[in-house]
Every structure is written in C-alpha cells, then in structure tokens.
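The chain contents come next:
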Amino acid sequence: MTTHYPESWRDALRAIGRAPGAGWRSRLVHHGSRALLLLALALAVPLLFPGAPLPDFARLEQGQVATEDIIADLSFDVPKSPERLQAERAEAERGVAPIFTYDREAVDRATQRVRQMFARLDSALAVADDDTAAARIVLADLENVTVPTLEQATYLRVGSRRRLLRDALLRAYDRLLPIGVVSSRDLSDVLSAQVIVRQDGGDRLVRRDSLLDVAGFYARASEIAPSSLAVEGLQLYQTLVVHYLEESLRLDLEATARARQQARNAVQESAGFVLEGERIVGAHERVGREEIEKLRAYSAALTDAGLAGRAGSFLHSLGGLLYAMVVIAILWAVLYFYRRAPVYESARSFAIVVLLPLVVLLLASVVARASAPPALIPVALAGLLVAALFDGLLAIVSVMVIAALLAGQTAFPGLSAAFLTMAAGTAAAAAIRILRRRADSWKVIAIITAAYFLASLALGLLFSWSARELVAATAFGALSATVCTVLVVGGLLPALETFTGVTTRQTLLELSDLNRPLLRQLAKKAPGTYAHSIGVANLAEAACTAIGANALLARVGTYYHDIGKTKQPQYFVENQPGGRNPHDRLRPSRSAEVIKEHVREGLRLADEARLPSAIKDFITEHHGTLTISYFLNKAREQEPDVDIDLWEYSYPGPKPQSRETAVVMLADCVESATRTLPDPTPERIRSLIDQLVGARIRDGQLDQSPLTLDDIHRIKAEFAQTLTSFYHQRVEYPSVANRQSPPPGAERRSVAGGSAGGGARAGISRSSGTGARAE
C-alpha cells in the first residue's frame, strides 16, 4: 500500500504562506512557523542586551524618593558624568590665560632700521644738488613710506633737525617696546582679562588692557615726542615711529595650547569616593543629581565585582527570556485574534510585523553600547512602517511591545527610555495618515518631534531635568524622527509594499491622480466609460464609508475597473454616438466575447502599468461570474435547437472576495441602471436598488464576500441617498420650459436589459431599466 505522507507534508508546507487547511500537518506547519519566528525574537532580546540583573535602586531616577536606606557594600569611586567632565575640562581650559612671548630683539631691530635710514639719508643729501628733492626721493624709494611734503623735505635738509628726529625715534623705541607692544590682530584674539607674558625664562600675569597695541603705542609715542620738533618734524616723527615699529610681544599659540591641554588633563575624572558601609541615599529622601551619579557608580562597581547578579546568571537569563516571551505573546494574541486574515495568515506580512521590532531592538542595543541618549532609538521606523502597511492600531501595539521589551533591560533602567519610545512611536503611527505626498514628510517629522518634546517635558518636570537635558532630548528625538521618516519615504515603504503585496494608502493616493496616463487614456478613448467610472466611484466610496470598509481603495479601484474598454470603446453603449450599433454585425457569441474581452484587456493594461493586485481585483471581480443574458437570449432565439454553452456567455470571475469589490459590483449596476430610469423619484430609485441588489444576492454573486446583511442594508441606503441627491427635482426656468419638448427618450439613451458591463453598456437598447442587466 502506497503511503501518502510525503505528499501530505509537501502540501502542508504550502500552509506557511496561506491559511492552513483542515489537516493537522498544515496547521502544525502554519502555526509552528510563526511560533518559531516569535521564539527567535524572544531569544534575541537577552542576546542583544546581556548583563547581570540590577538591584532595585538602579531603577531610581532623579526626583524620585528612595523607599529604604541604600548602604554601600564596598568602596568605590564616583566618576563624573561625561557631560560634567566635559564642562569642567572646558572651564579649566578657559581659565588658562593666553601666553605672549617677549621678543628682546624687537628693540634692536627697530632702532637699527632707524639708524640705517638716516645714514642713507645723510649720504644721499651729501651728494645731491637739490637737498629737498633728494630727501623726498630717499624716503619714498628706500623706505617705502609716504612721499614727504615739500615742507617736510625742507625740514630734513638741516642735519641738526635730522639728528633730533632720529634721537626722538630711538628714544621712543627704547622706552616703550620693553613695556610690550602687541599686534592688534593678536590682541583681538584674546578674550580673557589677563594674559601671561613670558620673558627671560619667567612668567608674569598682567592685565590685558595694560598691553600696548599699535594704536596705544602711537598715542604713547606722541606723548613723549620732543617739543623742540617743529610741526613738519612732528609729522615725520608720527609717520616713521609706526613705520619702523617691531611688536615686542607675540602670541605663542603652541605654548598656549600646551598649557590648556595640561589644564584639561589636570581635571579629576572622579567626583568623589564612597567608603564601604557609607550611606548613599537615606530612606524617604529625594534622589538628586549627585545621588544618581553615586547610584550609577555603585551599580557599576557591583557589576565589576561580580556581586550584582547574586541569584545566578542562569536564573537571570531565564527570567529575561520569560519576560520577553510574555511581552511578545501580547503581539501574537493581537495578530492571531484581531489581525488573522490580513497579517497572521500571510507569511510575509507576519514576518515584517515581527522583524521590525527586532530591527529597532538591534539599533537600541547599539545606542546602549554607545551610551547615547534613548531618544536616538529609531522606534518611529516601526511605527511608520507598520501603520502604513497595515493599520495604526497594530502599529501602536508593536510600539508598546518594543517599549515594554526595552523597559525590562538593564541598559535602559527607569522610566525614561520606555516612555519616550511609547510617545514617539505612537505619534509616528498616527502621523502616517497625513503623509499624502513626499512634501508632507516635514509634517510627519514635526509631529514626532513634538511628541519627543512633550514626553521630555513630562519627564523633565517629573525628574527635575535641567533645561539643557530637555533641549538635548528633543534635539536627539528630532534627529531620530528625521532619519526614520526619510528612510521610510525614501525607499523602505515601497520595498516592503512589493515584498508583502500590501497596497498602502500612500500608493492609493498616488493612483487616484486622474492625470495618470492610464486614466487620461480612458478619458480620451472612452469618455462615456470614464464618466461612468467617476459616478460609480462616488457611490462606492460613500457606501464603503458607511460600512467601515476601505473607501479610498474602493474609489481608486473603481477608476481602473473598466480600463479594458479603451481597446474597443465603440462596442459599449456609453461611448456610442447616435447611429448603427456595431453589435448588429456580429454573432451573439462574438458579441459576448467582445464584452468579456474588456476584462482580459484591463488586466493586461494593469500589468503594463504595474498596478497592485488590490486594484486588479476590481477588474476581475466587479462582474463576478454573471451571465451576459442579452446575447445568451439572442443566441437561443437564433438557434433554438443548439445546445449553448453557458460558460461562453459568462464572465470568468471570480466572484467578489472583499467588501470593496462587492460594493463596486453593486454600485456598477445601480449607477448604469439609474441613468436610464424615467422620472427618477426617490421611491423609484429605492425600488430599482432593491431589485438590482436582490438579483445579485439570488445569483450568488455575494456569497464569497464578507458582506453582512446589515452591510447590504447600509449600502442600499447610501446608494439611495446619494442618487436621490444627484437626481433631485430642479427648478424649471421659463426660458427652458417654453421650449419645445424633446422627443421621448432623446434626453437619455435607453440601454438594454442586461448585466452591468454586459448588455447594459454593450450598445443594446434597454427597457425602462428595472435591471434586466444580463452580465
């Protein structure tokens, strides 16, 4: 006897990606594969966050009150926090005065240049015919100074005056340069009130304003100028005393940098020392910043000494695993009981919902190892993606699971990390609804950043954060929000849409643009079908809103449900001008084939345009398996003795599988039939809707859709209200009323009784419209 177990197991393996069958093997494979994935997530948590269990005091935060005395079991150093150590080092660096080095040779260089200039001047005047011209040329050519005036050159002709001017310059340099003259540029770089002057191997601290810059030197030199100098001599003196000036103090950048680095290194890294048996925090005392630093140091010291996990590392690891499994079980329960069809039974969707928290936890472990702020944990990544792919409520549950898992890790003790994660992730899940286009990304970032700010403000008020800590948490949160939003909009969301096969709201909004090439082609080649699609979309959207279905999906799917009619639009009555019907030249079987062809052509165009499968479902399901009764009856009349294959006159289906496609099927026939209804009063509209919907129900077209009787009642009521508003009684203006009435039937094209999309729009006349639509 041949066993069938291998084949059964092969069939069971297919249940990984779909709903399980009735057999126990398929159920085992289906649920077992998901249990293994959840178990892998639970095992990954303690691996990502290893460490000994912390004592209870380690979870205290600033501002809380200790419930008992905390006594040190060992002596330990209290290291300063990185922020405090950096601030103290910066303060020590700022306390080092800039170092200026005295240049003793500056006086010699300045006086030597003055003597050389006057020696050249004396030599030039001794051999010149015109003393005045010679003096001007010498000063201009040899020393690159402003050409002296005629009076100044005349003044220099006399040797005694030249010697007086030379001696005045030398005296100014000898008296002022030893005091210290610094360049204005070096002095402007000094912000401290005091500077160090390094001279003859020693340092002296002087006031910054006691140093002479060029302007100060000029003023002091002018004060000590000899009164015996004439006006012209004084002018020359003031010009030359600055020209030959040599700064005697120079800012020593290297020496200053060494001194400041030495001051930084001198700052103690320890804030204090706690002795064994010393009380760190007393019972019923408020925990301040200093106590928090001591508690963190104490926890680290216990861990280093191997005293933190007294219950044993095995029990700690087991507890961490059980904690993670209990939290992850919440996610499993939500998926299994409330999101079974869309997420749990889809292997790819289930994997995304489980793996996104794992990715966030992995990045959170990197944040913990880098001792970075918890606001950098990219929880918005999970909130945005899960909300966009599935729904906001599932995204919030995923965020809560991530926050609960983080709250149980020693790397993030206390309330801050979990609270920030919950606030930011929930804001991300809600903000995705406003993301209609890429330009809206900044709005999403702003909402998530606002959540970080409010959460940080609450924690700051609760735990006495400083303003700097509040601003830092908000800034890091804004950075995390920006990076997550850019990643989601820039590439992750489209990639995961393709992977899961889920059509997101953002994709539907893009497809709803009536300027897309496929819809523009429909409007151009089949304007009647285009107008019909808009009308059906309005009905379907209103009905889906009433029953809580996806109204946007229904509207967009309706836009594309008849795109196949662009191939042969003349065979459908809504696109026919007055004249001969092309179906009159065809056999009934050929006419039925032409009518059915628009479904196949629609799928071909949808594939070319890469429309998602959710939109393609509207093309195939909006007719279901209806019979094109008009041509079927015509064929029976022409060949009564021939056994006709009903499949030849029926749409291939399938029947509507979702609430949205079922609503569009009903809206399609109702919208077409109402157009042909004479005198569309509210009573006649409601009667027509009841007949058409009842016919679809009796034909079994809604058997595979999840619509309930209450849904159908709401749909009919919404159809009636919308159509009654559209066909309401209009005011008859005299200028129009007095005109000749059109012949009967001219204002509306009558359509043959038949099915929606079949006889109704196949170019065949229809009686008063009670819906003999034979699709």
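Residues numbered from 1 in each chain as written. Predicted model: local features only at pLDDT ≥ 70, side-chain atom pairs only at ≥ 80, totals over all residues. Heavy atoms only, no water.

### Things to note about the overall build of the protein chain
And step 1. Check the secondary structure of the protein chain and you find 31 helices and eight strands.
And step 2. Expressed as a percentage of its 775 residues, the buried residues of the protein chain come to 46%.
And step 3. Intrachain contacts of the protein chain at a sequence separation of at least 6 include 74% that bridge at least 24 residues.
And step 4. Within the structure as shown, the protein chain displays about 38,500 Å² of accessible surface, and the carbon and sulfur contribution to it stands at 55%. (Helix = DSSP H or I, 4+ residues; strand = E, 2+ residues; numbered from the N terminus. Buried < 20%, exposed > 50% of the residue type's maximum accessible area, 1.4 Å probe, protein only. Contact = heavy atoms within 4.5 Å. Areas by Shrake-Rupley, 256 points an atom, 1.4 Å probe, with all protein chains shown as cover.)

### Focus on the environment of alanine 372
And step 1. You can see alanine 372 is positioned in the loop between helix 15 (347–369) and helix 16 (379–389).
And step 2. Of the residues examined, alanine 372 reaches a relative accessible area of 23% and is grouped as partly exposed.
And step 3. Separated by 104 residues in sequence, alanine 372 and phenylalanine 476 place their C-alpha atoms 9.5 Å apart.

### Points about unusual backbone geometry
And step 1. Omega for the peptide link from glycine 653 to proline 654 comes to 10 degrees, which places this bond in the cis form.
And step 2. Of note, proline 654 is situated in the loop between helix 27 (629–638) and helix 28 (659–675).
And step 3. For arginine 610, which is not glycine, the phi dihedral falls at a positive 55 degrees.
And step 4. Take arginine 610: it is sitting in the loop between helix 25 (588–608) and helix 26 (613–621).
And step 5. Under the relative-accessibility criterion, arginine 610 is labelled exposed at 78%.

### Concerning the nonpolar core
And step 1. Counting residues in hydrophobic clusters, the biggest one holds 69 residues, and the most contacted among them are Leu335, Leu361, Phe390, Leu394, Leu405, Leu406 and Ile448.
And step 2. Considering each element in turn, this core owes the most residues, ten residues, to helix 16.
And step 3. When neighbours within four sequence positions are excluded, phenylalanine 390 is seen to be in contact with Val343, Ser349, Ile352, Val353 and Val502. (Core = buried A, V, L, I, M, F, W, Y, C linked by side-chain atoms within 4.5 Å.)

### Topic: the confidence of the model for the protein chain
And step 1. On average, residues of the protein chain score 82 in pLDDT, and 85% of them are at 70 or above.
And step 2. Low pLDDT, under 50, characterises residues 1–7; the predicted model gives this stretch one contact beyond four residues in sequence or across chains.
And step 3. The model gives residues 736–775 a pLDDT under 50, and that stretch makes 145 contacts with residues more than four places away or in other chains. (pLDDT = per-residue confidence, 0-100.)

### Some thoughts on a nonpolar patch on the surface
And step 1. Residues Leu36, Leu39, Leu43, Phe314, Leu315, Leu318, Leu322 and Met325 make up a contiguous nonpolar surface patch of roughly 760 Å² in combined accessible area.
And step 2. For the nonpolar patch, the leading source of residues is helix 13 (residues 313–338), giving five residues.
And step 3. Inspection of the secondary structure assignment puts leucine 39 in helix 2 (residues 24–48).
And step 4. Its relative accessible area of 35% is what places leucine 39 among the partly exposed residues. (Patch = residues over 30% accessible without salt bridge, like charges linked within 9 Å, V, L, I, M, F, W, Y side chains within 5 Å. Salt bridge = Lys/Arg side-chain N within 4 Å of Asp/Glu carboxyl O.)

### A look at the packing of aromatic side chains
What characterises a pair of aromatic rings is the spacing of the ring centres plus the angle enclosed by the ring planes.
And step 1. One pass over the structure, following the stated rule, counts eight aromatic pairs.
And step 2. Measuring from ring centre to ring centre gives 5.2 Å for tyrosine 336 and tyrosine 344, while their planes differ by 85 degrees; the resulting arrangement is edge-to-face. A single burial state applies to tyrosine 336 and to tyrosine 344, both of which are buried.
And step 3. Among the residues examined, tyrosine 344 registers a relative accessible area of 2% and is labelled buried.
And step 4. An aromatic cluster of at least three residues, connected via ring pairs, comprises Trp332, Tyr336, Phe337, Tyr344 and Phe350.
And step 5. When the ring centre of tyrosine 344 is taken as reference, the NZ or CZ atom of arginine 34 above it lies at 5.5 Å.
And step 6. Between arginine 340 and the ring centre of tyrosine 336, over which it is positioned, the NZ or CZ distance is 3.8 Å. (Phe/Tyr/Trp six-rings, centres within 6.5 Å; stacked < 30°, edge-to-face > 60°. Lys NZ or Arg CZ within 6 Å of the ring centre and 35° of its normal.)

### Some thoughts on the sheet that holds strand 6 (residues 249–251)
And step 1. One open sheet holds the four strands; their spatial order is 5-4-3-6, and the pairing between them is mixed. Two strands lie at the open edges of the sheet, namely strand 5 (202–207) and strand 6, each paired on one side alone. Between one strand axis and the next, the sheet turns by 35 degrees as a mean value, whatever way the strands run.
And step 2. Note: strand 3 (residues 99–102) against strand 4 (residues 194–199), three bridges, orientation parallel. Within strand 4, the position partnered with phenylalanine 100 by the bridge is valine 197.
And step 3. This element, helix 11 (residues 253–265), spans strand 3, strand 4 and strand 6 of the sheet and lies at about 140 degrees to strand 3. (Pairing = 2+ DSSP bridges. Axes fitted to C-alpha atoms, helices over the stretch in contact; angles between N-to-C directions.)

### Comments concerning the pattern of salt bridges
And step 1. Applying the stated criterion across every chain, the model contains 29 salt bridges.
And step 2. A salt bridge links arginine 675 to glutamate 671; the shortest N-O distance between them is 2.6 Å. Placement of the pair is arginine 675 and glutamate 671 together in helix 28, with a separation of four residues, close to one helical turn.
And step 3. Here arginine 675 falls in the partly exposed class, since its relative accessible area comes to 37%.
And step 4. With its nearest N and O atoms 2.9 Å apart, the salt bridge here joins arginine 714 to aspartate 710. Of this pair, arginine 714 and aspartate 710 both sit in helix 30 (residues 709–726), separated by four residues, roughly a single helical turn.

### Describing the packing of helix 4 (residues 105–127) against helix 7 (residues 159–176)
And step 1. One can describe the packing of helix 4 onto helix 7 by two numbers: an axis separation of 9 Å at closest approach and a directional angle of 170 degrees. Relative to helix 7, the element helix 4 is oriented roughly antiparallel. Facing helix 4, whose interface residues are Val107, Ala110, Thr111, Val114, Arg115, Phe118, Leu121, Asp122 and Leu125, helix 7 presents Arg162, Leu165, Arg166, Leu169, Leu170, Tyr173 and Asp174.
And step 2. Classifying every residue of the contact of helix 4 with helix 7 by side-chain character gives ten nonpolar, one polar and five charged. (Parallel < 35°, antiparallel > 145°, perpendicular 65-115°, else oblique. Nonpolar A, V, L, I, M, F, W, Y, C, P; charged D, E, K, R; others polar.)

### Overview of the side chain of serine 248
And step 1. Its location among the elements puts serine 248 in the loop between helix 10 (231–243) and strand 6.
And step 2. Apart from the residues within four sequence positions on either side, serine 248 is in contact with Thr101, Tyr102, Asp103, Ala106, Leu177, Gly180 and Val181.

### Here we look at helix 25
And step 1. Spanning 21 residues, helix 25 covers 31 Å between terminal C-alpha atoms, matching the ideal 30 Å at 1.5 Å per step.
And step 2. Largest kink in helix 25: about 30 degrees, centred on lysine 596.
And step 3. Arginine 610, located one to two residues past helix 25, shows a positive phi value of around 55 degrees. (Expected span 1.5 Å × (residues − 1). Bend = angle between axes of the 7 residues up to and from the residue.)

### Details of the pairing of strand 3
And step 1. As paired elements, strand 3 and strand 6 share three bridges and run antiparallel to each other. Within strand 6, the position partnered with tyrosine 102 by the bridge is leucine 249.

### What about the side chain of glutamate 497?
And step 1. Along the polypeptide, glutamate 497 turns up in helix 20 (residues 467–500).
And step 2. A relative accessible area of 12% places glutamate 497 in the buried class.

### Quick word on the environment of arginine 279
And step 1. Mapped onto the elements of the fold, arginine 279 is located in strand 8 (residues 279–281).
And step 2. Spatially, the C-alpha atoms of arginine 279 and isoleucine 71 are 4.5 Å apart, while their sequence positions differ by 208 residues.
And step 3. Excluding residues that lie within four positions of it along the chain, arginine 279 makes contacts with Asp69, Ile70, Ile71 and Glu285.

### Describing the packing of helix 15 against helix 17 (residues 392–407)
And step 1. Between helix 15 and helix 17, the least distance of the axes is 10 Å, while the angle of their chain directions is 40 degrees. With respect to the hand of their crossing, helix 15 and helix 17 are arranged in right-handed fashion. Counting all contacts with helix 15, which are made through Val353, Pro357, Val360, Leu361 and Ala364, the residues of helix 17 involved are Leu394, Ser398, Ile402, Leu405 and Leu406.
And step 2. Each residue belonging to the contact of helix 15 with helix 17 can be placed in one class, and the counts come to nine nonpolar, one polar and no charged. (Left-handed = near helix turned anticlockwise from the far one by under 90°.)

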